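# Coordinate analysis (summary)
The residues making up each chain are set out below.
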Amino acid sequence: MKPYPPLGLLYLSAYLKQRGFGVEVFDSTFADRADLLARLDAGAPGTVGLYTNLITRPSVVALVRYAKERGWSVILGGPESANYPGEYLRCGADAVVLGEGEETMAELLPALRGRGPHALHGIAGTAFLDDAGQLVPNPARAQIADLDALPWPDREAIDTRRYVDVWREHHGQGSVNLITARGCPYKCQWCSHAVFGFTHRRRGVVSCADELEHIVERYQPDQVWYADDVFTIHHRWLFQYAAELTRRGLRIPFETISRADRMQKDDVWQTLAAMGCWRIWIGAESGSQRILDAMQRGVTIDEVLFAARAAKRHGIQVGMFFMWGYEGETEDDVEATLDLVRRADPDVALTTVAYPIKGTGYFERLGDRVVPTRPWAEATDRDYDVAGRPSREYYREANRRLKAAAGKS
Ligand code: B12
Ligand code: SF4
């Protein structure tokens with residue numbers, strides 16, 4: 001019950017509407033699958049675009065087949081279809097968009113209508129099957145240089161107020177999400193960069209402050225979530241943004257995620273606190289420096305401890321992510337993680353068992369030790385077994401130990 005609107009789809013909707021396309025967003029968050037199928041059955045078929053991530057694969061594959069049977073053209077986008085374009089196209093999709101969707105969709109939609117799905121040569125940022133059924137990956141599209149030229153996400157295309165209400169009903173606080181940047185230049189080996197690559201592009205502080213002001217006026221949330229990958233990555237930008245918010249008298253509580261190494265200075269903490277940050281999420285991942293280094297995380301345990309303590313000093317709650325089972329992890333490393341939890345004393349901790357995402361260094365390194373447990377179309381990237389890894393029960397026990405170390409639920 002902490003739902004957030006799908007920003008990627010809303011960015012696409014805003015962009016395409018601005019260019020004169022007719023767009024409808026079907027938001028599955030509060031809808032049943034039957035409603036979506038009914039929508040696909042209603043009226044003349046057009047073109048449907050589906051967002052994909054690794055966990056939605058079986059659902060997307062089923063929808064592609066359903067929509068195609070009813071005469072729709074189907075375009076896929078998001079991180080997962082970029083990793084498996086051939087597989088998705090062979091399941092029936094007409095085209096896969098690789099990377100940012102705005103400009104590519106504006107070019108692809110008329111081309112698909114005019115040329116059909118098997119002659120999309122030259123549409124940068126797409127992949128398709130030619131007449132012979134061969135996969136054709138078109139050249140990559142240049143990334144959008146000026147993010148401020150994009151219209152804000154089309155929040156009016158869906159029932160954004162309902163998200164705020166659900167948050168308020170369940171947590172006493174209504175929340176809305178926004179992003180101030182695209183892409184992350186760091187190289188954490190398990191992290192997927194399928195959409196934005198390794199670049200980092202920021203929006204201007206005025207545009208972000210305008211959007212925040214609009215969100216506050218229109219939806220009256222009690223807090224916002226900056227869904228950036230690394231919110232404090234660019235300190236000068238952060239200070240300028242904070243100053244712009246102060247100038248406007250805009251102080252709205254928020255939570256966000258960042259890296260400990262980008263939060264080693266007191267002025268960053270003062271700024272976050274002054275802006276209204278009430279909880280910071282830190283990807284701690286492991287208490288073992290050896291494992292952090294193997295992940296190429298680029299962060300030290302001391303930096304994580306510093307960040308956790310600094311947050312508390314500034315009255316900001318600490319959320320931490322931990323990852324079990326990364327390559328080479330031993331019982332000593334698990335112990336080191338428990339030790340870090342005791343010392344950092346986060347307010348809330350979330351764990352995951354490392355899962356290899358296609359296209360990442362981690363996936364490549366594991367090679368044939370990544371063992372599918374089901375056919376591709378029925379599985380997600382979380383369903384792989386990693387040969388040689390301890391049992392699932394071992395990690396359930398690690399979670400119990402972490403809970404005890406944290407002394408919290
Ligand atoms: C916020 C977020 C979440 C939120 C989502 C809430 C929300 N509705 O916003 C929460 C916490 C719920 C979440 C959960 C998960 N997430 Co997440 N999440 C993100 C994050 C940090 C930002 C998403 C975002 O808003 N991006 C900004 C928008 C503008 O980008 P975008 O969505 O990619 O959209 C662009 C393109 O992809 C494309 N596009 C998007 N949709 C479509 C559709 C069509 C038809 C077309 C043509 C193009 C297109 O155009 C858009 C504009 O350019 C991303 C990382 C990232 N920076 O993107 C990870 C990310 C998407 N998440 C990821 C993962 C793994 C998960 C989980 C599976 C984690 C887990 N173990 O449970 C779950 C899945 C939940 C689910 N059921 O879907 C991975 C996906 C990897 C993969 N290959 O699939 C990412 C990429 C993180 C990473 N770097 O590894 N996530
Ligand atoms: S985990 Fe975070 S810091 Fe590391 S590469 Fe991914 S987005 Fe960047």
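Structure: see above.
Residues numbered from 1 in each chain as written. Chains lettered and ligands numbered in written order. Predicted model: local features only at pLDDT ≥ 70, side-chain atom pairs only at ≥ 80, totals over all residues. Heavy atoms only, no water.

### Some details on helix α12 (residues 301-313)
Counted only if it meets this: Counting from the N terminus, the helices are DSSP H or I runs at least four residues long and the strands are E runs at least two residues long. One fewer than the residue count of a helix, multiplied by 1.5 Å, yields its expected span. Think of it in three bands: residues with accessible area under 20% of the maximum for their type are buried, residues over 50% are exposed, and the middle band is partly exposed, with areas taken using a 1.4 Å probe on protein chains only. In this analysis, two residues are considered to be in contact whenever any of their non-hydrogen atoms come within 4.5 Å of each other.
The end-to-end C-alpha distance of α12, which contains 13 residues, comes to 18 Å, matching closely the 18 Å that a straight helix rising 1.5 Å per residue would cover. Considered for burial, the residues of α12 that qualify are Ile301, Val304, Leu305, Ala307, Ala308, Ala310 and Ala311. Close packing links the buried residues of α12 with α10 (266-275), β11 (277-285), α11 (289-294), β12 (317-324) and α13 (331-344). Remark: glycine 315 follows α12 within two positions and exhibits a positive phi of approximately 75°.

### With respect to the pairing of strand β4 (residues 126-129)
Put simply, the rule reads: When DSSP finds two or more bridges between two strands, those strands count as paired.
Neither face of β4 is left uncovered, since the one carrying Thr126 and Phe128 and the one carrying Ala127 and Leu129 both have all their residues buried. Of the pairings in the sheet, the one linking strand β3 (residues 95-97) to β4 comprises two bridges and is antiparallel in character. Paired with valine 96 across the bridge in β4 is alanine 127. Examined bridge by bridge, β4 and strand β5 (residues 135-137) share three bridges and lie antiparallel to one another. Along β5, the bridge assignment pairs phenylalanine 128 with valine 136. Hairpin connection between β4 and β5: a loop of five residues separates the two successive antiparallel strands, and glycine 133 in this loop has a positive phi of roughly 80°.

### Section: the environment of aspartate 347
Applied cut-off: What qualifies as a polar contact is a pair of N or O atoms within 3.5 Å, subject to a donor-acceptor requirement within protein and to the restriction that residues adjacent in sequence count only when both atoms come from side chains.
Structurally, aspartate 347 can be placed in the loop between α13 and β13 (348-353). At 2.7 Å, the side chain of aspartate 347 forms a polar contact with the backbone nitrogen of valine 318.

### What about the nonpolar core?
The condition that has to hold: The nonpolar core is taken to be a set of buried Ala, Val, Leu, Ile, Met, Phe, Trp, Tyr and Cys residues, with the residues joined through side-chain atoms within 4.5 Å.
Ranked by size, the top nonpolar core spans 89 residues in total, and within it Tyr241 and Leu272 carry the most contacts. In terms of residue count, α12 provides more of this core than any other element does, seven residues in total. Discounting chain neighbours no more than four positions away, the residues touching tyrosine 241 are Val205, Cys208, Ala209, Leu212, Tyr226, Phe231 and Met275. Counting residues in each nonpolar core, the second largest holds 18 residues, with Val97, Met105, Leu112 and Leu147 among its members.

### Considering the packing of aromatic side chains
Defined as follows: Planes of paired rings set the category: under 30 degrees apart is stacked, over 60 is edge-to-face and the rest tilted, where pairs are Phe, Tyr or Trp rings (Trp by its six-membered ring) whose centres lie within 6.5 Å.
According to the stated counting rule, one finds 15 aromatic pairs in the structure shown. Pairing tryptophan 237 with tyrosine 241 gives two aromatic rings, centres 4.8 Å apart and planes at 25°, and the pair type is stacked. Of this pair, tryptophan 237 and tyrosine 241 both sit in helix α9 (residues 235-248), four residues apart, roughly one helical turn. With relative accessibility at 5%, the residue tryptophan 237 sits in the buried group.

### A few points about the packing of α12 against α13
What counts here: Each axis is a line fitted through C-alpha atoms, taken for helices only over the stretch in contact, and angles between the N-to-C directions span 0 to 180 degrees. Working rule for angles: under 35 degrees goes down as roughly parallel, over 145 as roughly antiparallel, 65 to 115 as roughly perpendicular, anything else as oblique. Take the far helix as your reference; a near helix turned counterclockwise from it by less than a right angle gives a left-handed crossing, and one turned clockwise gives a right-handed crossing. Residues are grouped as follows: nonpolar covers Ala, Val, Leu, Ile, Met, Phe, Trp, Tyr, Cys and Pro; charged covers Asp, Glu, Lys and Arg; every other residue, Gly included, is treated as polar.
Between α12 and α13, whose axes approach to 10 Å, the crossing angle comes to 25°. Taken together, the axes of α12 and α13 are roughly parallel relative to one another. α12 and α13 meet at a crossing whose hand is right-handed. Residues Ile301, Val304, Leu305, Ala308, Arg309 and Lys312 of α12 pack against Leu340, Arg343 and Ala344 of α13. For the contact of α12 with α13, the residue count by class is six nonpolar, no polar and three charged.

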